[in-house]
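Residue strings, one per chain:
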Amino acid sequence: HGDYVHAYTYYENFKQGNNVTIEAIHSALCAKMARDGRLPSTFFLQLDNTTKQCNSSYMIGWLAYLVFRGVFNHIVVSFLPVGHTHEDIDQVFSRLSVYLACHDALNMAQLHAAIRQSYQTREGLRADCGFWDRCANVSHWIKPYLTCYGGITRYQQFRFYKTDGDARVQARQHRSEGEEWQESEDRARSPTSSEKIHVRGWRTYPIHSEERSSVRS
């Protein structure tokens, strides 16, 4: 969002879920790294508000891991409200629908060509299309390290940062600049221990030092 347009296709037997969304974000970030030679220190991400593919503990855990590994210093992720329209991604699909009403796309190459021809940014840039023959099972890999992310769907915006060597996450119910990031006391579970760790701040879940050697990229 806010950069290049990336479109990815894949085999129909791929299971729809967080892994597909994570793979798309990863691919787009790799493309930006190859294009610019670096990534920004702060990553602003906008996602659809669906628990099946975006708004879940797997996505929250993966984004926190990016901050923990130092890929970004900060990440701010905003989830679109239910029934949203007039976003740039809606315009992409709208133009593709209009184009396909008059042009056939009988195979993957023709579909990619249709995506590129149907939409361009205000700068005149066409979509970067790619095809996946595999998708990383990030949800299975990261599941043992997730802490108890409760009530995620009540919040529309999250921010991730690193302090004292730990990746942390906070959230607020609305994306208004006037709304403070909520703070309360909660308890988070260390993935490598049954001990309850008391932390300050809304849903502030650190990646603790004792597990760092276990988390591999």
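Everything discussed here concerns the structure shown above.
Below is a summary of the structure that appears in this document. Since the model is a prediction, treat every value here as computed from it, not as a measurement. (Residues numbered from 1 in each chain as written. Predicted model: local features only at pLDDT ≥ 70, side-chain atom pairs only at ≥ 80, totals over all residues. Heavy atoms only, no water.)

1. Some thoughts on the overall build of the protein
Then, in step 1: A tally of regular secondary structure across the protein gives 5 helices and 8 strands.
Then, in step 2: Traced from its N-terminal end to its C-terminal end, the protein shows the element sequence β-α-β-α-β-α-α-β-α-β-β-β-β.
Then, in step 3: Residues classed as buried in the protein amount to 41% of the 217 residues present.
Then, in step 4: Put simply, the protein shows about 12600 Å² of open surface, and 47% of that area lies on carbon and sulfur atoms. (Helix = DSSP H or I, 4+ residues; strand = E, 2+ residues; numbered from the N terminus. Buried < 20%, exposed > 50% of the residue type's maximum accessible area, 1.4 Å probe, protein only. Areas by Shrake-Rupley, 256 points an atom, 1.4 Å probe, with all protein chains shown as cover.)

2. Section: the layout of surface pockets
Then, in step 1: In this structure, the second largest pocket encloses a volume near 410 Å³.
Then, in step 2: His 26, Trp 62, Tyr 65, Leu 66 and Val 71 are the residues nearest the centre of the second largest pocket, which is lined by 17 residues in total.
Then, in step 3: Going through the elements one at a time, α1 (18–36), α2 (57–68) and α5 (138–142) are the ones with two or more residues in the lining of the second largest pocket.
Then, in step 4: Counting residues per element, the lining of the second largest pocket draws most heavily on α1, at 6 residues.
Then, in step 5: Taken together, the residues of the lining of the second largest pocket break down into 12 nonpolar, 3 polar and 2 charged. (1 Å grid on protein atoms, 1.4 Å probe; cavity = no way out; pocket = protein on both sides within 12 Å on 5 of 7 lines; lining within 4 Å. Points joined across faces, edges and corners; volume = space filled by probe spheres on them. Nonpolar A, V, L, I, M, F, W, Y, C, P; charged D, E, K, R; others polar.)

3. Topic: the packing of aromatic side chains
Then, in step 1: On inspection of all chains with the given rule, the structure shows 9 aromatic pairs.
Then, in step 2: Measuring from centroid to centroid gives 5.1 Å for Tyr 8 and Trp 132, while their planes differ by 20°, and the two rings are stacked. Taken together, the residues Tyr 8 in strand β1 (residues 6–10) and Trp 132 in strand β4 (residues 128–132) connect sequence positions 124 residues apart.
Then, in step 3: Residue Trp 132 is classed as buried on the basis of its relative accessible area of 8%.
Then, in step 4: Arranged with centres 6.4 Å apart and planes meeting at 35°, the rings of Tyr 65 and Phe 68 form a pair that is tilted. Of this pair, Tyr 65 and Phe 68 both sit in helix α2, 3 residues apart, roughly one helical turn. (Phe/Tyr/Trp six-rings, centres within 6.5 Å; stacked < 30°, edge-to-face > 60°.)

4. Overview of the side chain of Ser 139
Then, in step 1: Structurally, Ser 139 is set in helix α5.
Then, in step 2: By relative accessible area, Ser 139 is classed as buried at 14%.
Then, in step 3: Polar contacts involving the side chain of Ser 139 include one to the side chain of Asn 137, which spans 3.2 Å.
Then, in step 4: Among residues more than four places away in sequence, those in contact with Ser 139 are Asn 19 and Tyr 58. (Polar contact = N/O pair within 3.5 Å; in protein donor to acceptor, adjacent residues only side chain to side chain. Contact = heavy atoms within 4.5 Å.)

5. A word on the sheet that holds strand β6 (residues 166–172)
Then, in step 1: Strand order across the open sheet formed by 4 strands is β2-β3-β5-β6, with mixed pairing between neighbours. Each edge of the open sheet carries a strand with a single partner, namely β2 (42–47) and β6. Averaged over all adjacent pairs, the angle separating strand axes in this sheet is 15°, with direction ignored.
Then, in step 2: Bridge count for strand β5 (residues 157–163) against β6 is 7 bridges, and the pairing is antiparallel. Directly across from Phe 160, in β6, lies its bridge partner Val 169.
Then, in step 3: Across the sheet, α2 is in contact with β2, β3 (74–79), β5 and β6; its angle to β5 comes to roughly 35°. (Pairing = 2+ DSSP bridges. Axes fitted to C-alpha atoms, helices over the stretch in contact; angles between N-to-C directions.)

6. A look at α1
Then, in step 1: When the terminal C-alpha atoms of α1 are compared, their 27 Å separation across 19 residues agrees well with the 27 Å that a helix rising 1.5 Å per residue should span.
Then, in step 2: Within α1, burial applies to Asn 18, Asn 19, Val 20, Thr 21, Ile 22, Glu 23, Ile 25, Ser 27, Leu 29, Ala 31 and Lys 32.
Then, in step 3: Here the buried face of α1 lies against β1, β2, α2, β4 and α5.
Then, in step 4: Gly 37 sits one or two residues past α1 and shows a positive phi near 80°. (Expected span 1.5 Å × (residues − 1).)

7. Comments concerning unusual backbone geometry
Then, in step 1: Phi is positive for Asp 164, close to 55°, though the residue is something other than glycine.
Then, in step 2: Take Asp 164: it is sitting in the loop between β5 and β6.
Then, in step 3: Assessed through its relative accessible area of 72%, Asp 164 is described here as exposed.

8. Some words on the packing of α1 against α2
Then, in step 1: Where α1 contacts α2, the two axes come as close as 9 Å, and the packing angle between them is 30°. Between α1 and α2, the crossing angle belongs to the class labelled roughly parallel. In terms of crossing hand, the pair formed by α1 and α2 is right-handed. Here α1 contributes Asn 18, Thr 21, Ile 22, Ile 25 and His 26 to the contact with α2, which in turn contributes Tyr 58, Met 59 and Trp 62. (Parallel < 35°, antiparallel > 145°, perpendicular 65-115°, else oblique. Left-handed = near helix turned anticlockwise from the far one by under 90°.)

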